[in-house]
Amino acid sequence: AQTVTQSQPEMSVQEAETVTLSCTYDTSESDYYLFWYKQPPSRQMILVIRQEAYKQQNATENRFSVNFQKAAKSFSLKISDSQLGDAAMYFCAYRSLNSNYQLIWGAGTKLIIKP
Amino acid sequence: AAGVIQSPRHLIKEKRETATLKCYPIPRHDTVYWYQQGPGQDPQFLISFYEKMQSDKGSIPDRFSAQQFSDYHSELNMSSLELGDSALYFCASSSQVSQETQYFGPGTRLLVL
């Protein structure tokens, strides 16, 4: 069974600086998808970025980018120029391409932005 | 762009009562997923439907049932509610064409007293 691990329960960063959130996963599959979701205090679950495992190029979305290391099964999220609105819980999630389409979630990292 | 709609947004019930949560997926999305998120926890997958058929089943209690209708909306029926059922219930939807990405609704906050 697949597992997702986020080893940082909480991270803090100064506004306008860069922060990296870590995520590792375990799978025997070769094709899958990885996601980062953001959950602000409103508890809405918002897609931040996604990565297809077959793509070597790291995904980017404006100030958000990932460092996808397939061999190491690592999928970190880098947030550049951190803004107060980035404060939230960040969840890393895995999705198989096989029969189970549910998302497998990490425990989350709480990101605090210091003004 | 249209998003996933969930109703009600908030619900308060007594123990042993029943509750029905509704989910309206993004237009042209044919797959619906239900997740339960307790306080300070990551979401737990309950069940999913594709084209009105159950496609995957997770940790859904026997007291709960769900279905997807011909218009693709879905309902989660919860009976004999327990205090531990208090949680945020998310519905997400995806399309068969781009099934890798699930888009989430705002959630229904259920409080069981």
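Please read these numbers as outputs of a predicted model, since none were measured by experiment.

As for the overall build of chain B
What chain B contains, in helices and strands, is 0 helices and 11 strands. For chain B, the sequential pattern of α-helices and β-strands runs β-β-β-β-β-β-β-β-β-β-β. For 113 residues, the compact-globule estimate of 2.2 N^0.38 gives 13 Å, and chain B sits close to it at 13 Å. Along the three orthogonal principal directions, the C-alpha set of chain B runs to about 40 × 25 × 20 Å. For chain B, buried positions account for 50% of its 113 residues. Intrachain contacts of chain B at a sequence separation of at least 6 include 52% that bridge at least 24 residues. For chain B, the exposed surface amounts to about 5300 Å²; the carbon and sulfur share of it is 50%.

Things to note about the packing of aromatic side chains
Tallied over the full model, the rule gives 15 aromatic pairs over all chains. Seen in terms of ring centroids, A:Trp36 and A:Phe75 are 6.2 Å apart; in terms of plane orientation they differ by 25 degrees. Their pairing is stacked. One end of the pair, A:Trp36, is in strand 5 (residues 32-39); the other, A:Phe75, is in strand 9 (residues 74-79), with 39 residues separating them in the sequence. Each of the two residues, A:Trp36 as well as A:Phe75, counts as buried. Residues A:Phe68 and A:Phe75 carry aromatic rings whose centres are separated by 6.3 Å and whose planes lie at 80 degrees to one another, so their mutual orientation is edge-to-face. Accessibility classification places A:Phe68 together with A:Phe75 in one group, the buried group. Counting every residue linked through ring pairs, the aromatic cluster contains A:Tyr33, A:Phe35, A:Tyr37, A:Phe91, A:Trp105, B:Tyr35, B:Phe45, B:Phe90 and B:Phe104.

Details of unusual backbone geometry
Negative phi characterises most residues that are not glycine, and trans characterises most peptide bonds. The omega torsion across B:Ser7 and B:Pro8 is -10 degrees, close enough to zero to call that bond cis. Its place among the elements puts B:Pro8 in the loop between strand 1 (5-7) and strand 2 (10-13). With a phi angle near 55 degrees, A:Asn62 is a residue other than glycine that sits in the positive phi range. With respect to the helices, strands and loops of the structure, A:Asn62 is situated in the loop between strand 7 (60-61) and strand 8 (64-69).

About the criteria used
Residues numbered from 1 in each chain as written. Chains lettered and ligands numbered in written order. Predicted model: local features only at pLDDT ≥ 70, side-chain atom pairs only at ≥ 80, totals over all residues. Heavy atoms only, no water. Helix = DSSP H or I, 4+ residues; strand = E, 2+ residues; numbered from the N terminus. Rg over C-alpha atoms; globule rule 2.2 N^0.38 Å. Buried < 20%, exposed > 50% of the residue type's maximum accessible area, 1.4 Å probe, protein only. Contact = heavy atoms within 4.5 Å. Areas by Shrake-Rupley, 256 points an atom, 1.4 Å probe, with all protein chains shown as cover. Phe/Tyr/Trp six-rings, centres within 6.5 Å; stacked < 30°, edge-to-face > 60°.

Function cannot be inferred from these measures alone, as they are strictly geometric.
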